Structure formats: structure tokens, C-alpha cells
Amino acid sequence: MAIASINPVTGEVLKTFTPLTDEQLEYKLALADRTFATYKHTSFSDRTQWLSRAADILEAKKTEFGIIITLEMGKTLKSAIVEIEKCANLCRFYAEHAPQFLADTPATTDASRTLIRYQPMGIILAVMPWNFPFWQVFRFAVPCLMAGNVGLLKHASNVPQCALAIAEIFHAAGVPEGAFQTLLIGADRVAGLVADVRVKAATLTGSEPAGQSLAAIAGHHLKKVVLELGGSDPFIVLNSADLDLAVSTAVTARVMNNGQTCIAAKRFIIENAIADQFIAKFVEKFKALKIGDPMQSETDVGPLATPQILNELEAQVKATVDAGAKVLVGGYRLKKEGNFYAPTILADIPLGAPPHQEEFFGPVASVFRVKNIGEAIALANSTNFGLGASVWTNDQQEIELAIEQIEAGSVFVNSMVKSDPRVPFGGIKRSGYGRELGIEGIREFVNIKTIWIK
Ligand code: NAP
């Protein structure tokens, strides 16, 4: 895949980039390695200052960075600006809490003194996707840098200007040059990096095939990996739910980021008694969505990031309809330039049709009717994914049942699934393993050293 910024609204190639030569890549790797030798000794107070300054820069230039995001991958400018604000918040969160998260932890044993110390590992490679081109990188980079590691970023090939801007932000904030670097390289160069003895661990956010490929190489070289992969999150609405709130949240949870979010609600599982009402309101709200230029403040849904994603989504909808599903709204690509797909709701979906097992990465909702919570949970758990789940009910027993039985990395009750620096984020099953964010996230890439003094 060429490294290029291509505007998804027009298809215009805005800028192309030449991948690093082998010599340039080696230079950056060696610089990262040298930098780690000194960076690991920097104080929490220095790291805190640098990341607080990074937060200031993000806040001061949020519109400028937001425009880069929108031009490269098509999310609405207003949501791109929110993404930048969220990154600033993340910097401040870890600047404040990392020293406490990584402080020596005493343990009680028969020794005179026992403790656990958290030490940095070295170079961590991050392979990142385009869908939240700042947020995904920051949620890796900030805990990585606070823990005393150094980071190398291989960003998705369609967001090179975001990748370069992020490295620039850290440098301008005072982070030493080799502690965070962007590598403009294609996916074919990742294996060599993972194999390199100087790279100690890797994290990948992206598709299943990419995760499998990286995990296989890392496994061969016995290196730790965190994987944040795809999802097909259920959004379960039961009879006692606040219906209007559930419907309006369902719309946001499906179409935010133009439908291209790993934790987007993708399968809407509705209890029979309220299904007709839910569906009628859901369809009405989808019809009212404004699709168009993501730079305009009134736009709700912009284009998909690339023509390939558009083609894939179109094929998935067609296969679902061919299998016998009904289209309640949408179901077509817009007849104009750009990667636009109409917000779509599918219903009466037969068993075996794509929404039962595949991730729909675009503004397409699949609706299912169920008899009761038991059936809802069984359907929710029937995919290979296990990222997040959202459950809507005011019945305490149902809440407990859902929390206990849903197979996912998170369950949100009467709320949409979201990531928040204060709590861990990640999946199970084929959605990946390991955690980002929270105390768990910063402890993924450290040597948890047991110290035993007799
Ligand atoms: P993708 O094609 O897997 O790309 C993600 C990153 O992996 C890019 O940097 C890509 O580089 C690289 N890559 C692709 N194939 C690779 C390989 N064989 N070896 C090493 N690296 C490889 O995914 P995407 O289409 O950009 O992103 C969408 C997917 O990401 C969805 O499935 C979504 O659910 C998932 N996602 C998950 C989370 C989460 O937190 N769980 C968050 C966001 C997105 P190139 O661009 O150069 O190909």
C-alpha cells in the first residue's frame, strides 16, 4: 500500500511519501536503542513535564490537527477535534498517575523485605490503524513514555501526516528525539522490526489478519504482544429500558466515526415486546442523519476512509440481502464522488448471513429480535469477537446476568461502550489480548521485577 494522504471526500491525492530506505530505518532503530540507555533514567518529574506540555500543544492546536485527521480519513471535523481533546486528557491522566501506578509495591512474605518494581523494557513497536489516528497512537505512546520505554510508530499508510504530526508534538514538548519516532514504512517491513533483537515488544491495533501475522512473528522470537483487533459489539435493549435514550444512543454508537469504530455497536438485539417501537424510532433517526462533507458542522456522517472499505461494506450488505435480510433504510453507496455509503439498517437477518460473524466497518446496523435476556446473551456471545457490549435495562437481575455472562472485555450498562484512560480497554476471543489504558495498560510493557531480600 502506497504511503499517501488521499482525501476520502474527493479521491484527490493530497501528498505522497517515499518509504524509509533500509539505511534510514536502521538509523532510527539505532537512535531509539541509544536513547533508551539514557531515557530509562529520566525522572518521572521530567516525563510528567513533557507530557503535560504535549497536552498543552494538543489543546492549543486542536483545530489544526483535527483538519489533518479529517482530510486524511474523513471523520467529521467536530469529532476529530474531540479526538485531539481526548488525547490531551490522556496525557494529563498519565502525567498525574503514572508515578503512583509504577511505584514499588511492597509484598508480605517471610523475607525481611519483598517488593515488586516496574522497570522499562526498551524499544516498543506500535503498529496502528487509521480510524482514530491520534487517539490510538497516544494511548500507546503516553504510558510507554511515562514508563521509561521508547516508542517506534508504524502508522497506517493512509495517515502519514497524522503520524508525522504526532512525532512533532512529542519533540516540541521536550521528549528526547529518539524516544518517540515515526517510521514511514509499509506493512511488509514490520516482520523485520519485530525480529530485531533491539525491539523488545510490540502492540498492534487493527484487523485480525494483521494481528495474526504480527503475533506469529513475535511468538517465534518470544516477544510480548498486545493486540487490539476487531469487534462486532452487541447492543442489547430489554423491555424495562429507557427506550428513547437507548434509541438515540444506539444511533451514535453505530454511526460515530462514520461507523468505523472497533467498539461501535454493530448488532442491535432487541426484546420482542419493544422491538417494533425501537425499530420505528431507530429508522426514523437514521433517515434524519446528514451525510456529506465532514468539514461542515451540520454533517453527521462523512465518507468511509478508503474505496476498499466502501467496496467491502457494499459486498457485505449485498450478501446479507441475498441471504434474505430486509433493508429498512439505506442499503446503497451514494452516486457521487468519494467513499460515501448511506446509513443503513438491516433486519430479519437469517442465521449464517454475514452480520452473525463478520465486522461491518461502516454505518450499517443489524437488528435482531429475541424472546428474553437468555436469548439475547446467547446471540451476543455467538460471534468469535469479544470486545465490548452495551446492555439497556432497569432490572437489577438482568444487569447482573449480563455482567456475568456476556463474553467481552467490557460491559456497559445503560451507556454506550467507550474507552476512558481511567479504566482498562481490550478484548477477548478473536478481538485480541492484553489491555491498554488504566493501571493495567501501563503495566503491559514493563518488567515486573520481584525483589526478595532475606
Ligand atoms: P489493518 O489493515 O490491519 O491495518 C492496521 C495496521 O496494521 C496498519 O498500520 C497496517 O499497515 C498494518 N498492517 C496491515 N497488515 C499487516 C501485516 N500483515 N503485518 C503487520 N502490519 C500490518 O486494519 P485497518 O483496516 O486499518 O483497521 C481496521 C481494523 O482495526 C478493524 O478491524 C477495527 O475493528 C480494528 N480496530 C481495533 C481497535 C481496538 O482497539 N480493538 C481499534 C481500532 C480499530 P498499512 O496501512 O501499511 O497496511
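Residues numbered from 1 in each chain as written. Predicted model: local features only at pLDDT ≥ 70, side-chain atom pairs only at ≥ 80, totals over all residues. Heavy atoms only, no water.

A. Molecular detail of the domain arrangement of the chain. Structurally, the chain comprises domain 1 (3–229 + 431–453) and domain 2 (233–420). Just the C-alpha atoms count here: the centres of domain 1 and domain 2 sit 30 Å apart. Listed as interface residues are 24 residues of domain 1 and, on the opposing side, 30 residues of domain 2. Interface of domain 1 and domain 2: buried area, both sides summed, is about 2100 Å²; carbon and sulfur atoms make up 57% of it. The interface formed by domain 1 and domain 2 holds zero salt bridges in total. Where domain 1 touches domain 2, the interface holds twelve residue pairs in polar contact (both at pLDDT 80 or more). Elements supplying a minimum of two residues to the side of domain 1 that touches domain 2: α3 (62–73), α4 (77–101) and α5 (135–146). Residue contributions to the side of domain 1 that touches domain 2 peak at four residues, all from α3. By residue class, the composition of the side of domain 1 that touches domain 2 is eleven nonpolar, seven polar and six charged. (Domains from an automatic or database assignment. Contact = heavy atoms within 4.5 Å. Buried area = accessible area lost by both parts, 1.4 Å probe. Salt bridge = Lys/Arg side-chain N within 4 Å of Asp/Glu carboxyl O. Polar contact = N/O pair within 3.5 Å; in protein donor to acceptor, adjacent residues only side chain to side chain. Helix = DSSP H or I, 4+ residues; strand = E, 2+ residues; numbered from the N terminus. Nonpolar A, V, L, I, M, F, W, Y, C, P; charged D, E, K, R; others polar.)

B. Quick peek at the side chain of Q260. Relative to the helices and strands, Q260 is located in the loop between α9 (243–255) and β11 (265–271). Looking at Q260, its side chain comes within polar contact range of the main-chain nitrogen of A305, at 2.9 Å. Among all residues touching Q260, those that are not within four sequence positions of it are M73, W130, N131, F132, P303, L304, A305, I309 and F361.

C. Layout of the sheet that holds strand β4 (residues 113–120). Taken together, the three strands give an open sheet; going across it, the order is β3-β4-β18, and neighbouring strands pair in antiparallel fashion. Of all the strands in the sheet, just β3 (105–107) and β18 (446–453) have a single pairing partner and so form its edges. Averaged over neighbouring strand pairs, the angle between their axes works out to 25 degrees when direction is ignored. Alignment of β4 against β18, held across eight bridges, turns out to be antiparallel. When the sheet's bridge partners are listed, T114 is paired in β18 with W452. (Pairing = 2+ DSSP bridges. Axes fitted to C-alpha atoms, helices over the stretch in contact; angles between N-to-C directions.)

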